[in-house]
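# Structural features, examined
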Amino acid sequence: MKDGASFAERFEGWFARPIAKLAELPEGDGAFLALSASLFLCERYYRTVTNTHEGIGGDEAFKVAAANDFGMHGDEFKRFWKVYRHGIQHQGMPKLIIDNGVTYKWKIDDSYDAVTSIDVIDANNRVIKLNPWKFADLMLNKFRSDPAILSNATLHAFAEILSS
């Protein structure tokens, strides 16, 4: 990355181009890493637009904003977040959760929509579906459509390139 690169240039170099390279891997092998990057971009985006940061309050506000934007009920988003974000960011793989006696499993496929859908299998089982590539595109395009958002985060300010 060149010294003095703009926010948009840094974003493309550090996030968009690496995700695009992951998409080139055969058989979807880059999907989990692309999804991991997309999930932290999702959190960065919605925490920035709601001016909330983990550990200092506002955890609910960022989830409500994301749920509304995705057209999901708040509880659905929270389950999605636990299955995908907590699973991938903590253990490298989405996780199974049990909430109110209902088991939530996960399934990814490139035929699904960008925003998750939840299929009811039976009274006690649900599957949260996600297309990691469309989700990545969704999150990348949120930043591309408003690149100034990259400069608005305060606790996790966007890195700068400085000459040594």
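The structure we're discussing is the one just above.
Residues numbered from 1 in each chain as written. Predicted model: local features only at pLDDT ≥ 70, side-chain atom pairs only at ≥ 80, totals over all residues. Heavy atoms only, no water.

Attention now moves to the sheet that holds strand 1 (residues 97-99). Pairing is mixed across the open sheet formed by four strands, whose spatial order is 1-2-4-3. Because the sheet does not close on itself, it has two edges, and the strands there are strand 1 and strand 3 (117-122). Direction aside, neighbouring strands of the sheet carry axes that sit 30° apart on average. Bridge count for strand 2 (residues 102-108) against strand 4 (residues 125-130) is six bridges, and the pairing is parallel. Counterpart to Thr-103 in the pairing with strand 4 is Asn-125. Sheet contacts for helix 4 (residues 74-91): strand 1, strand 2, strand 3 and strand 4; angle to strand 4, the most-contacted strand, approximately 75°. (Pairing = 2+ DSSP bridges. Helix = DSSP H or I, 4+ residues; strand = E, 2+ residues; numbered from the N terminus. Axes fitted to C-alpha atoms, helices over the stretch in contact; angles between N-to-C directions. Contact = heavy atoms within 4.5 Å.)

Counting residues in each nonpolar core, the largest one holds 38 residues, and the members touching the most others are Phe-70, Phe-80 and Phe-135. Mapped onto this core, the elements with two or more residues apiece are helix 1 (7-23), helix 2 (31-49), helix 3 (59-70), helix 4, strand 2, strand 4, helix 5 (132-145) and helix 6 (149-152). In terms of residues, this core owes the most to one element, helix 2, which gives nine residues. (Core = buried A, V, L, I, M, F, W, Y, C linked by side-chain atoms within 4.5 Å. Buried < 20%, exposed > 50% of the residue type's maximum accessible area, 1.4 Å probe, protein only.)

Let's shift gears to the environment of Ala-23. Checked against the element boundaries, Ala-23 lands in helix 1. Separated by 109 residues in sequence, Ala-23 and Pro-132 have C-alpha atoms that sit 9.9 Å apart.

A few words now on helix 3. Compared with an ideal rise of 1.5 Å per residue, which puts 12 residues at 16 Å, helix 3 spans 17 Å between its outermost C-alpha atoms and is within 8% of the ideal. Of the positions making up helix 3, those classed as buried are Phe-62, Lys-63, Ala-66, Ala-67 and Phe-70. Seen from one end, helix 3 has its buried residues packed into an arc of 130°, which puts them on one side. The elements touched by buried residues of helix 3 are helix 2, helix 4 and helix 5. Phi turns positive one or two residues past the end of helix 3, at Gly-71, with a value near 70°. (Expected span 1.5 Å × (residues − 1). Arc of directions from axis to C-beta.)

A separate point is the side chain of Arg-85. Counting through the fold element by element, Arg-85 comes out in helix 4. A polar contact is formed between the side chain of Arg-85 and the side chain of His-90, at a distance of 3.4 Å. Beyond its immediate chain neighbours, meaning those up to four positions away, Arg-85 contacts Leu-39, Glu-43, Phe-80 and His-90. (Polar contact = N/O pair within 3.5 Å; in protein donor to acceptor, adjacent residues only side chain to side chain.)

This paragraph deals with the pattern of salt bridges. Evaluation of the coordinates by the stated rule reveals eight salt bridges. One salt bridge connects Glu-43 with Arg-47, and the closest N-O pair in it is separated by 2.8 Å. Residue Glu-43 and its partner Arg-47 are located together in helix 2, separated by four residues, close to a single helical turn. With a closest N to O distance of 2.9 Å, Glu-60 and Lys-78 form a salt bridge. In this pair, Glu-60 is assigned in helix 3 and Lys-78 in helix 4, connecting sequence segments 18 residues apart. Among the residues examined, Lys-78 registers a relative accessible area of 26% and is labelled partly exposed. One connected set of salt bridges, linked through shared partners, spans Glu-43, Arg-47 and Arg-85. (Salt bridge = Lys/Arg side-chain N within 4 Å of Asp/Glu carboxyl O.)

Here we take up the environment of Asn-152. Position of Asn-152 among the secondary structure elements: in helix 6. The class for Asn-152 is partly exposed, based on a relative accessible area of 46%. A sequence separation of 101 residues divides Asn-152 from Asn-51, and the C-alpha atoms of the two residues are 8.5 Å apart.

Shape is all these values report; function is a separate question.
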